[in-house]
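For reference, the chains in residue letters:
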Amino acid sequence: MTSATVAPDPGLVPELLITDLDKSLDFWCRLCGFAVLYHRIHEGFAYIASGAAHVMLEQAGAGRNWITGPLERPLGRGINFQVSVPSIEPLVNALDGGDWPLFMAPETRWYRTGDHEAGVTQFLVADPDGYLIRFQASLGRRPVSPGQA
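Residues numbered from 1 in each chain as written. Predicted model: local features only at pLDDT ≥ 70, side-chain atom pairs only at ≥ 80, totals over all residues. Heavy atoms only, no water.

(A) Representation of the sheet that holds strand β7 (residues 116-126). Taken together, four strands build an open sheet; the order of strands is β5-β8-β7-β6 and the sheet is mixed. With one partner strand each, in any of the chains shown, β5 (80-84) and β6 (104-113) form the two edges of the open sheet. For this sheet the average axis-to-axis angle between neighbouring strands, irrespective of direction, equals 30°. In terms of strand pairing, β7 meets strand β8 (residues 132-143) through eleven bridges, oriented antiparallel. (Pairing = 2+ DSSP bridges. Helix = DSSP H or I, 4+ residues; strand = E, 2+ residues; numbered from the N terminus. Axes fitted to C-alpha atoms, helices over the stretch in contact; angles between N-to-C directions.)

(B) Spatial organisation of the sheet that holds strand β4 (residues 53-59). Pairing is mixed in the open sheet, where four strands are placed in the order β1-β4-β3-β2. Two strands lie at the open edges of the sheet, namely β1 (15-18) and β2 (35-40), each paired on one side alone. Direction aside, the axes of adjacent strands within the sheet are offset by 20° on average.

(C) The arrangement of the pattern of salt bridges in detail. With the rule as written, the count across this model stands at five salt bridges. Residue Arg 73 pairs with Asp 129 through a salt bridge whose shortest N-O separation is 3.0 Å. Placement of Arg 73 in the loop between β4 and β5 and of Asp 129 in the loop between β7 and β8 is noted, with a sequence separation of 56 residues between them. (Salt bridge = Lys/Arg side-chain N within 4 Å of Asp/Glu carboxyl O.)

(D) Representation of the side chain of Arg 134 within the structure. Relative to the assigned elements, Arg 134 resides in strand β8. We note that Arg 134 is buried and unpaired, the nearest opposite charge coming from Glu 107 at a distance of 7.1 Å. Reaching out from Arg 134, the side chain makes a polar contact with the side chain of Gln 122 at a distance of 3.1 Å. Aside from chain neighbours lying at most four places away, what touches Arg 134 is Asn 80, Phe 81, Gln 82, Val 83, Tyr 111, Gln 122, Phe 123 and Leu 124. (Buried < 20%, exposed > 50% of the residue type's maximum accessible area, 1.4 Å probe, protein only. Lys, Arg positive; Asp, Glu negative; His and termini not counted. Polar contact = N/O pair within 3.5 Å; in protein donor to acceptor, adjacent residues only side chain to side chain. Contact = heavy atoms within 4.5 Å.)

The following block contains the structure:
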């Protein structure tokens, strides 16, 4: 595993209940570029980060789990985690090289944000337990054209 420089504490860090820490670390770190900041292997726990994006991984059945209902795959239904990256191409290439399927192919989108639009290139991929991750790289902002007002 790689190491990372600790960024300031983010205001929100999701803790994902997973089924296999080794498989999750392989996906998140080897394929998606996250680094382990610290882990407690005997508890099936790892704290990982990529820039300002932080995630905790906790293996079900190891350590202390807070489970509010039945765990049915895919886990995390109804949510996707957006991770901002400088470019999506290295991730798409790594996932392709690892024979990891994308949930949604790369696309370019412009989203209206008041009187401007914010542009991104993005794609979605599911981790080993089915959590959706949306990697996106900014294309900047542009004014809304007069016909769209």
